[in-house]
Amino acid sequence: MATDTKSSPLGPGFDVPGSEIRYREAFNKTLFDELRRDPDVFIMGEDVAGGAGREHLGIIDSWGGAFAATKGLIQEFGAERIRDTPISEAGFVGAAIGAALTGSRPVVDLMYFDFITVAWDQLLSNAAKNRYMFGGQGKVPLTLFARSGVAAGYSAQHSQNFYSIVAHIPGLKCVVPSDAYTCRGLLAAAIRDDDPVIVCNHKKLINMSSFVPDESYTIELGKGRYVRRGSDVTLVGMSYTTEVCRVAAELLAEQGIDAEIVDMLSLSPIDEDIVLESVTKTNRIVIVDEDTPRCNMATDIAALVADKAFDSLDAPIKRVTGPHTPVPYSKPLEDAFVPSPEDVVATTVALMGR
Amino acid sequence: MEITPEKLRWIYTTMYRIRRFEEVLLEQTVLGKSMGVAHTSDGEEAGPTGICAHLTDADWIGSTHRGHGHCIAKGVDTAGMMAEIFGKYTGLCKGKGGSMHIADFAKGMLGANGIVGAGIPLAVGAALSAKLKGNGTVGVSFFGDGATGEGTIHESMNLASVWKLPVIFVCENNHYAESTPVEYAVSVPDIADRAAGYSMPGVVVDGMDVFAVYDAAGEAIARARAGEGPTFLELKTYRYHGHYHADDPHTYRLPEEEELWKARDPLPNFERRVIEQDLMDEVELERIRNEIDQEIQDAVAFAEESPLPPIDELYTDVYTNYSNSVRGLR
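In this text, all values refer to a predicted model and were calculated from it rather than measured experimentally.

Caption draft 1: Just the overall build of chain B, in detail. A count of helices and strands for chain B gives 11 helices and seven strands. Taken against the 2.2 N^0.38 rule, which gives 20 Å for 330 residues, the C-alpha radius of gyration of chain B at 20 Å falls within 12% of a compact globule. Counting only C-alpha atoms, chain B reaches 65 × 50 × 40 Å along its principal axes. Residue burial in chain B is summarised as follows: out of 330 residues, 58% are buried. Within chain B, contacts between residues at least 6 apart in sequence are counted, and of these 73% link residues at least 24 apart. Summing over all exposed atoms, chain B offers an accessible surface of approximately 13200 Å²; the carbon and sulfur share of this is 53%. Both charge centroids of chain B, one from 29 positive and one from 50 negative side chains, sit 6 Å from each other.

Shown next, in the form of structure tokens:
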């Protein structure tokens, strides 16, 4: 079957003006777009500009956020809308929820996804539940973004993928872009959505480049996409593991195995249809999730397939995940933690009975 | 501080409405009419009344599990509240929130909150919205002495101070966190002293005296509206009943103590003062009480007669695309 990794059923496609840019540039560009588009949008978080209060010394935008996500914004939008916060996650995430309930559209930089636990009660008890428990009164158009995933020796407390915990909570949405193109479309959609949306930016993706249209666009929340069509097996990726699946699919092709790749993009809401459509065609599925194995997204998707597509399976559902351990520091240990293309290939080959 | 005759009438009506609502709700709860727990606030009426006397519907308040008084003082309809607590579809939240989650966005009531301390940052956020939009409104956060042990109060007061937000922190110190006395659980005799650590005024107020609350709140809210930043008010007050409807407070406090506080009851104190100063007379006070007695009786009847929510309401007001959401049936 033909392989076309550049075709996408989502968004404007690739026959439009654009260029290869890095994920971080696509992210930053989207923040500019949304701040210009809607005066109710504002950004806050630790060091989103940096050096706050030192304007009189000529200090402005000294940090521009971790990985420069918010670089340059304060110069156009000022310190009211690009708001540095104290280290106070429960306080400023809670304040963002209060601001969202009262007509603002806050975008919060939480720096590392791991820090979500410090603000968790505000997200769980307020953001997720306000609209429901108030009988539809009020909305929480909050976007919260953070860096996730295992990379570069960030070790146990700065490497986690907590998206399954978020997906467990009714009322919270969660997206996992897998490249610069999906980053821009999903972030714009998140900011324009009236529910709280958590955007996971995997550290390994942040400096990778892909084609991104010049014009602003959105990608519908809750929709996955095919990044490769194939007939023998479905590989499911999310966030950085979509990249792992791409490499694995090339290696599998060398062995004559034609893999299809489903890129989840959203984990809550989740696109069940695309998973079921693909596995009904290929009859085999390998789900690749960097998270630890218990109660993770791979397990959730496996349960879906077992429930809804059992009759089309020719082999057991397989999950390739991190081990049930904290993320280690030392490079060989860290490498061993992460699901690799070779792990995916070995699992798939065994599944094909070869 | 000067009070107009209309405002005086509003104050008495509001305090008596809270009192009657709580007393009747307690009776109804014991009869099994409430579908959940009821945390009543009778005894504490002067606080929310004296504060909200200075607010409009455009100002926001954040509340607590003991939030009926805050709702009523902010103008929320008592029939809609009673129906909500009875779990009825005509309730303010369609029966999906209950006593601990009553909200009325049209009245600037940002919601009661069942997690102690969790509502405080929301009021700070409302004040942040007000500042960003420059609309001159304020945010008021009500919380109890128990919440001052939570991290959110520290974070919220620091944020409000460094950002100079138009927010008023109102600590209703009713001297008990469930059964735990304030002198055991709080490190300072006056919680308002902690405000100094956040460079904001901290004022101890007699929370049983609505005139004292009215004056202190007027100053704090004027300061917030003028862009001068947050204020912390500690209202010393007392809840007459237990932590919730089935709690017997005599297991942890003495009847003598209750009598001392009840001798300072905000309603008779108000009546005595307005009659002495010839501002209102007993005939008018009685007429107000009769009207409110009828209103609360009507609220109970409305709640009783109202329909239960249709089961489909389970799935509304939240996205539910998950196909196994109905016990595997779908």
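Caption draft 2: Structural view of the sheet that holds strand S3 (residues 82-84) of chain A. All names here are of chain A. Taken in spatial order, the seven strands of this open sheet run S3-S2-S4-S5-S7-S6-S12, and their pairing is mixed. At either margin of the open sheet sits one strand with a lone partner, and together these are S3 and strand S12 (266-268). Each adjacent strand pair in this sheet contributes to an overall mean axis angle of 20 degrees, direction not counted. Where strand S2 (residues 41-45) and strand S4 (residues 105-112) come together, five bridges link them in parallel fashion. Its bridge partner being in S4, Val41 is matched across the sheet by Arg105. Contacts between helix H1 (residues 23-37) and the sheet are confined to S2, S3, S4, strand S5 (143-148) and strand S7 (197-202), with S2 contributing the most and set at about 130 degrees to the helix.

Caption draft 3: Broad picture of unusual backbone geometry. Note the cis peptide between Ser268(A) and Pro269(A), where omega equals -5 degrees. Among the secondary structure elements, Pro269(A) is positioned in the loop between S12 and helix H9 (272-282). Its identity is not glycine, yet Lys94(B) carries a phi of approximately 60 degrees, on the positive side. Along the polypeptide, Lys94(B) turns up in the loop between helix H4 (78-85) and helix H5 (120-133). One non-glycine residue, Glu178(B), lies in positive phi territory at about 50 degrees. Checked against the element boundaries, Glu178(B) lands in the loop between strand S4 (176-177) and strand S5 (180-181).

Caption draft 4: Quick peek at the pattern of salt bridges. Under the defined criterion, the tally for this structure stands at 43 salt bridges over all chains. Linked by salt bridges that have partners in common, Asp179(A), Arg225(A), Glu243(A), Arg246(A) and Asp263(A) make up one network.

Caption draft 5: A look at the confidence of the model for chain A. Here chain A shows a mean pLDDT of 92. Residues at 70 or above account for 96%. Every residue in residues 1-12 of chain A is under pLDDT 50, and counting partners more than four places away or in other chains gives 26 contacts.

Scoring rules and cut-offs
Residues numbered from 1 in each chain as written. Chains lettered and ligands numbered in written order. Predicted model: local features only at pLDDT ≥ 70, side-chain atom pairs only at ≥ 80, totals over all residues. Heavy atoms only, no water. Helix = DSSP H or I, 4+ residues; strand = E, 2+ residues; numbered from the N terminus. Rg over C-alpha atoms; globule rule 2.2 N^0.38 Å. Buried < 20%, exposed > 50% of the residue type's maximum accessible area, 1.4 Å probe, protein only. Contact = heavy atoms within 4.5 Å. Areas by Shrake-Rupley, 256 points an atom, 1.4 Å probe, with all protein chains shown as cover. Lys, Arg positive; Asp, Glu negative; His and termini not counted. Charge placed at Lys NZ, Arg CZ, Asp CG, Glu CD. Pairing = 2+ DSSP bridges. Axes fitted to C-alpha atoms, helices over the stretch in contact; angles between N-to-C directions. Salt bridge = Lys/Arg side-chain N within 4 Å of Asp/Glu carboxyl O. pLDDT = per-residue confidence, 0-100.

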